[in-house]
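Working through the structure, step by step
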Amino acid sequence: MPYRTVIRRLAGLATALIAVIAVSGAAAAAQPAATPPAANTGSHRIVVQIDGAVQHRLRLTNQRLAGLPQHTVTVTFQSGSGPQTHTYTGPLLLDVLNLAGPRFNPEIKNDKLRYAVTATGSDDYQALVAWAEFDPDFAGTTMLVALTEDGTPPADGRPRLVVPGDLKGGRYVSSLVRLHLSR
Ligand SMILES: Nc1nc2c(c(=O)[nH]1)N[C@H]1C(S)=C(S)[C@@H](COP(=O)(O)O)O[C@H]1N2
Ligand SMILES: [Mo]
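Report on the accompanying structure.

Rules and cut-offs
- Residues numbered from 1 in each chain as written.
- Chains lettered and ligands numbered in written order.
- Predicted model: local features only at pLDDT ≥ 70, side-chain atom pairs only at ≥ 80, totals over all residues.
- Heavy atoms only, no water.
- Phe/Tyr/Trp six-rings, centres within 6.5 Å; stacked < 30°, edge-to-face > 60°.
- Helix = DSSP H or I, 4+ residues; strand = E, 2+ residues; numbered from the N terminus.
- Buried < 20%, exposed > 50% of the residue type's maximum accessible area, 1.4 Å probe, protein only.
- Near = heavy atom within 4 Å.
- Polar contact = N/O pair within 3.5 Å; in protein donor to acceptor, adjacent residues only side chain to side chain.
- Areas by Shrake-Rupley, 256 points an atom, 1.4 Å probe, with all protein chains shown as cover.
- Pairing = 2+ DSSP bridges.
- Core = buried A, V, L, I, M, F, W, Y, C linked by side-chain atoms within 4.5 Å.
- Contact = heavy atoms within 4.5 Å.
- Axes fitted to C-alpha atoms, helices over the stretch in contact; angles between N-to-C directions.

**Structural notes on the packing of aromatic side chains**
Taken as a whole, this structure holds five aromatic pairs when the rule is applied. With a centroid separation of 6.2 Å and 40 degrees between ring planes, the pair formed by Tyr88 and Tyr172 is classed as tilted. Of this pair, Tyr88 sits in strand β4 (residues 82-90) while Tyr172 sits in the loop between β9 (160-162) and β10 (176-182), placing them 84 residues apart in sequence. Residue classification places Tyr88 among the buried residues on the basis of a relative accessible area of 1%. By relative accessible area, Tyr172 is classed as buried at 2%. Arranged with centres 4.8 Å apart and planes meeting at 70 degrees, the rings of Phe104 and Tyr115 form a pair that is edge-to-face. Remark: Tyr115 occurs in the loop between α3 (93-100) and β5 (116-121) and Phe104 occurs in the loop between α3 and β5; sequence separation between them is 11 residues. The rings of Phe104, Tyr115, Trp131 and Phe134 are connected pair by pair, giving a single aromatic cluster.

Here's what the structure looks like:
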């Protein structure tokens, strides 16, 4: 290949490369500046912290939650935008808390009846459920840490507390970041 041709081809390649870099730069610049961190759906970096009166404070990824036995419930609740019916899938709240090991005192009669789990959303919204509400020895409601709603993960990828039987949606805490066990 003549020397001039080699130079021309190299120059062509360089131009193409610069164009690709410019286009990807423009795409990156076009992203909204206020994209919240760790909001990528299905990301392994999304975690729910399990803490309080537990033996092991845990930071559970969606992947870890998806590895627990999955349950599905269909529920209806009232909300500001009218009644909503959804099918949720995810692990039992009971299984998630048992992973962390509740520090119940065997010396105290029915110590677990003194406990509650406070769920916190990324917006600091909070609601609590009593341990007895989801414990099969008592009310035994199938409460979930849901990973999907109607077959789809939430837009921000974060799980949602599901509280079947509640008339209003207030305790369906979405965008869960923390489950805190307290006495
Ligand atoms: N994190 C978080 N979860 C929340 C709320 C909230 O403000 N923040 N509102 C609750 C209320 S009052 C209702 S009625 C339902 C509404 O459900 P939706 O957001 O799926 O419509 O979400 C509940 N979960
Ligand atoms: Mo609500």
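**A look at the site of ligand 1**
Taken together, 13 residues are adjacent to ligand 1, and Gln84, Asp123, Arg160, Tyr172 and Ser174 come closest. Within the side chain of Asp123, one N or O atom sits 2.7 Å away from a nitrogen atom of ligand 1. The side chain of Arg160 places a nitrogen or oxygen atom 2.9 Å from an oxygen atom of ligand 1. Contact with the protein chains covers 67% of the free accessible surface of ligand 1, which is 530 Å². Per element, the largest residue contribution to the shell around ligand 1 is three residues, and it comes from strand β3 (residues 71-79).

**Some remarks on the pairing of strand β6 (residues 126-130)**
Going residue by residue along β6, you find Ala127 and Val129 tucked away on one face and Gln126, Leu128 and Ala130 left uncovered on the opposite face. As paired elements, β5 and β6 share five bridges and run antiparallel to each other. Its bridge partner lying in β6, Thr120 is registered against Gln126. Between β5 and β6, which pair antiparallel one after the other, the connecting turn spans four residues, and Asp124 there sits at a positive phi close to 70 degrees.

**Quick notes on the nonpolar core**
Nonpolar side chains tend to gather and get buried jointly when the protein is soluble and globular. Ranked by internal contacts, the top residues of the largest apolar core, which has 38 residues, are Ile50, Tyr88, Leu93, Phe134 and Leu179. Among the elements that make up this core, the one with the highest residue count is α3 (five residues). Excluding residues within four positions of it along the chain, Tyr88 makes contact with His71, Thr72, Val73, Val75, Phe77, Leu144, Ala146, Thr148, Glu149, Arg160, Val162 and Tyr172.

**Considerations on the environment of Leu93**
Looking at where Leu93 falls in the secondary structure, it is placed in helix α3. Separated by 53 residues in the primary sequence, Leu93 and Ala146 place their C-alpha atoms 9.0 Å from one another. In this structure Leu93 touches Val129, Phe134, Met143, Leu144, Val145, Leu161 and Leu179, once residues within four positions along its chain are discounted.

**Considering the sheet that holds β3**
If you walk across this open sheet you meet the three strands as β3-β4-β8, and the pairing is antiparallel. The sheet is open, and its two edges are formed by β3 and β8 (148-149), each paired on a single side. Judged from the nine bridges that link them, β3 and β4 form a sheet pairing that is antiparallel. Opposite Gln78, over in β4, you have Pro83 as the bridge partner.

**Some words on the sheet that holds strand β1 (residues 47-52)**
With mixed pairing, the five strands of this open sheet are ordered in space as β2-β1-β10-β5-β6. The sheet is open, and its two borders are formed by β2 (58-61) and β6, each paired with just one other strand. For this sheet, the mean angle separating the axes of adjacent strands, direction not counted, is 20 degrees. As paired strands, β1 and β10 are joined by four bridges and run parallel to one another. The residue of β10 that forms the bridge with Ile50 is Leu179.

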